[in-house]
Amino acid sequence: MIDVIIIGAGIAGIDTACNLHDAGYDVLVLEKEKSMGGNVQHWSTLFPSKRNAHEVISYYTEQVRKRGITMYLNTFVNSIKKQDDGSFEIHTSREVSFKCKSVIIATGYSLFNAQRKEEYGYGIYSHVLTSADLEKHWQKQSAEFVSPTQKPLNKVAFIHCVGSRDEKSGNHYCSKVCCVTAVKQAITLKQQSPHTQVFCFYMDLRMYGPGFEEMYREAQEKWGIQFIRGRLSEVAEHIDGSLQLKAEDTLSARPFKISVDMLVLMVGMESQKSTAMFAESCNITCASNRFIQPLDHHLQPNATNVEGLFTAGACIGPLSVFDTLNHSKSATLAVTSYLK
Ligand SMILES: Cc1cc2nc3c(=O)[nH]c(=O)nc-3n(C[C@H](O)[C@H](O)[C@H](O)COP(=O)(O)OP(=O)(O)OC[C@H]3O[C@@H](n4cnc5c(N)ncnc54)[C@H](O)[C@@H]3O)c2cc1C
Ligand code: SF4
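Treat the numbers as computed from the prediction; the structure is a model and nothing was measured.

Novice: Explain the nonpolar core here, please?
Specialist: Nonpolar side chains in soluble globular proteins tend to be buried together. By size, the foremost hydrophobic cluster in this structure holds 91 residues, and its most contacted members are V103, I104, A186, L263, L265 and M266. Here this core spans two domains, and each of domain 1 (2-108 + 272-339) and domain 2 (114-268) adds at least three residues to it. Not counting the four nearest positions on each side in its chain, V103 is found in contact with I5, I7, I80, F88, I90, G308 and L309.

Okay, structure coming up:
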């Protein structure tokens, strides 16, 4: 019987697999996509150092290869069943099931679908895109971002908290990384196109991590990016493709309008659909934000209410790469002590 099955080959799953392999355990990784790396493989540069995300993925790909870790790609895990003897049976899209002594769920998150905020015009207006679209563009070609209609970008606005901290979307929680991503992307845009005026519309700025506050200062002092405490209510398209934003300045409680050439929506993180499926098949407790609830946030951050079933990474809630890798390292310790 396999010692540990890891569901998800994002950075959390891969890091845990490497560490458990090094500790002498037999591991199997199951990943639904055709490549490993999870969401990070789509990012261009990573805050706060602006290191190339590709470097991180290449590093982990090499670690998996060197160790000869078994990984099945294109394998969607449908359900986890705990057996009477305490072991687990994992059912997948391959129509084969696997048996193991313990399981690590490392299924991460999915991006909020910006089309659910109809009033922002994503998928309707060609100059409205998401933070993830912008990352993917820069990842494919590091060149200056050109608007879909080749229109010069004189003014660009970033909208924070899209699908997070938002009652209408059903997501009350903060996605933690989108404020600093907005600052990083706004600086990158200014570096590529210094003449562009850049505005960030925020509700609160969450600059919690090392180097974040410094980036925020740099954005204002070096690049002249304007941060406006305001809430966007509606977007309309002008005949030339530019966008009119109707918003409220939440400091002065006054409505205002501004025209921009491009709008970037800072989409948040949501719990994967798989999490709800696992919760049903294995009775895992989820928190009110629908992410998996750790058994004890302080003392057992990787354990779940099901003995032998652990978590690693952003399946417990929004996390940065740094926080994800810390969580995956503690998952290794938790599983090791369980198997002993
Ligand atoms: C726009 C944006 C930009 C970001 N930029 C940065 C940054 O610059 N720096 C930084 O520190 N953080 C950044 N982050 C956060 C970063 O993406 C996360 O920290 C990281 O992806 C978490 O890794 P993970 O392995 O936990 O989850 P994921 O990356 O979500 O990986 C989970 C994996 O599980 C797989 N999976 C899911 N369900 C199943 C299933 N049922 N069966 C099999 N496989 C499954 C998925 O396909 C995926 O490969 C950003 C986030 C966003 C939204
Ligand atoms: S990190 Fe910033 S943009 Fe993201 S949800 Fe939290 S406050 Fe909003």
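Following the structure, the description resumes.
Novice: Would you mind going over the environment of F322 with me for this structure?
Specialist: Position of F322 relative to the elements: it lies in helix α7 (residues 321-339). By C-beta crowding, F322 is classed as partly exposed, having 13 other C-beta atoms within 10 Å.

Novice: How do you make sense of the packing of helix α4 (residues 178-192) against helix α5 (residues 212-221) when you look at a structure like this?
Specialist: When two helices pack together, their arrangement is captured by the angle between the axes and the distance separating the axes. Between α4 and α5, the shortest axis-to-axis distance is 10 Å and the interhelical angle comes to 40 degrees. By the criterion of interaxial angle, the relationship of α4 to α5 is oblique. Relative to α5, the crossing made by α4 is left-handed. Residues V180, V183, K184, A186 and I187 of α4 form the contact with α5, whose participating residues are F212, M215, Y216, E218 and A219. Its residues assigned to classes, the contact of α4 with α5 comprises 8 nonpolar, no polar and 2 charged.

Novice: I'm lost on the sheet that holds strand β14 (residues 243-249) in this one. Help?
Specialist: Paired through their backbone hydrogen bonds, the strands of a sheet run either parallel or antiparallel. Here 7 strands make up an open sheet; going across it, the order is β10-β16-β11-β12-β13-β14-β15 and the pairing mixed. Of all strands in the sheet, those with a lone pairing partner are β10 (128-130) and β15 (254-260), marking the two edges. Mean inter-strand twist for the sheet, computed between neighbouring axes without regard to direction, equals 40 degrees. Sitting on the sheet, helix α3 (residues 131-140) touches β10 and β16 (262-267), and the angle it makes with β16 is about 105 degrees.

Novice: Hey, could you run me through the site of ligand 2 in this one?
Specialist: Within the structure, ligand 2 sits among 13 residues, and C161, S164, C174, C178 and C179 are positioned closest to it. Secondary structure elements with two or more residues in the shell around ligand 2: β11 (155-162) and α4. Its residues assigned to classes, the shell around ligand 2 comprises 5 nonpolar, 4 polar and 4 charged.

Novice: I would appreciate a short explanation of the domain arrangement of the protein chain in the present structure.
Specialist: For interface size, the figure often reported is the accessible area lost on association. Along its sequence, the protein chain is organised into domain 1 (2-108 + 272-339) and domain 2 (114-268). Between the C-alpha centres of domain 1 and domain 2 there is a distance of 32 Å. Residue composition of the side of domain 1 that touches domain 2, by class: 5 nonpolar, 4 polar and no charged.

Novice: Got a minute to help me understand the site of ligand 1 in this structure?
Specialist: Around ligand 1, a shell composed of 39 residues is seen, among which G8, G10, G38, G108 and G313 lie nearest. Put simply, the parts of the chain that give the shell around ligand 1 at least two residues each are α1 (11-22), β9 (109-111), α3 and α7. For the shell around ligand 1, the residue count by class is 21 nonpolar, 14 polar and 4 charged. Residues lining the shell around ligand 1 come from more than one domain, with at least three contributed by each of domain 1 (2-108 + 272-339) and domain 2 (114-268).

Novice: It is not clear to me how the environment of E119 should be interpreted in this structure. Could you clarify?
Specialist: Structurally, E119 can be placed in the loop between β9 and β10. For E119, a count of 12 C-beta atoms within 10 Å corresponds to the exposed category. Filtering out sequence-adjacent residues up to four positions away, E119 remains in contact with S233, E234 and V235.

Novice: What is the right way to look at the pairing of β16 in this model?
Specialist: Across the 6 residues that make up β16, a large majority, 6, are buried. Of the two faces of β16, the one holding M262, V264 and M266 and the one holding L263, L265 and V267 are both buried throughout. Inspection of the sheet shows β10 paired to β16 by 3 bridges, in the parallel sense. Considered in β16, the bridge of T130 is made with L265. Sheet topology places β11 next to β16; 5 bridges connect them, and they run parallel. Across the sheet, V162 pairs through a bridge with V267, a residue of β16.

Novice: Just to check I follow, could you spell out the pairing of β15 for this structure?
Specialist: Sheet faces and side chains relate simply in a regular strand, where the side chains alternate between the two faces. When β14 meets β15, the two strands line up antiparallel, connected through 7 bridges. What sits directly across from D249, in β15, is R254. Once β14 ends, the chain turns through 4 residues before running back antiparallel as β15, passing A253 with a positive phi of about 55 degrees.

Novice: Looking at this model, I keep getting lost on helix α2 (residues 53-67). Mind explaining?
Specialist: For α2, with 15 residues, the first-to-last C-alpha span of 22 Å sits near the 21 Å given by 1.5 Å per residue. If you check which residues of α2 are buried, you get A53, I57 and Y60. One face of α2 carries all of its buried residues, which in axial projection span an arc of 65 degrees. Away from its buried face by more than 90 degrees, α2 exposes E55, S58, Y59, E62, R65 and K66. Of the surrounding elements, those touching the buried residues of α2 are α1, β3 (45-46) and β4 (51-52). At the exit of α2 stands G68, carrying a positive phi of roughly 65 degrees.

The rules behind these values
Note that residues are indexed from 1 along each chain, following the sequence as it is written. By the order in which they are written, chains take letters starting at A while ligands take numbers starting at 1. Local features in a predicted model are, by the rule used here, given only for residues with pLDDT of at least 70; side-chain atom pairs are given and counted only at 80 or more, and totals for whole chains, interfaces and linings are based on all residues. Here a nonpolar core is just a set of buried residues of the types Ala, Val, Leu, Ile, Met, Phe, Trp, Tyr and Cys, joined wherever their C-beta atoms sit within 7 Å. Any residue with 12 or fewer other C-beta atoms within 10 Å of its own C-beta is exposed, any with 20 or more is buried, and the rest are partly exposed; the C-beta atoms used are placed from the backbone. Domain borders in the structure are assigned automatically or taken from a domain database. Contacts are defined on C-beta atoms placed from the backbone: any two residues whose C-beta positions lie within 7 Å are in contact. Counting from the N terminus, the helices are the DSSP runs of H or I reaching at least four residues and the strands are the DSSP runs of E reaching at least two. The angle between two axes is taken between their N-to-C directions and runs from 0 to 180 degrees, where each axis is a line fitted to C-alpha atoms and a helix contributes only its stretch in contact. What sets the label is the angle itself: under 35 degrees gives roughly parallel, over 145 gives roughly antiparallel, 65 to 115 gives roughly perpendicular, and the rest give oblique. Helix crossings fall into two classes, left-handed where the near helix is turned counterclockwise from the far one by less than a right angle and right-handed where it is turned clockwise. In this classification, Asp, Glu, Lys and Arg are treated as charged, Ala, Val, Leu, Ile, Met, Phe, Trp, Tyr, Cys and Pro as nonpolar, and every other residue, Gly included, as polar. The pairing criterion for strands is at least two bridges between them, as found by DSSP. Placing the C-beta atom from the backbone, one calls a residue near a molecule or strand if that atom lies within 6 Å of it. To estimate the expected span of a helix, subtract one from its residue number and multiply by 1.5 Å. Arc definition: directions from the helix axis to the C-beta atoms.

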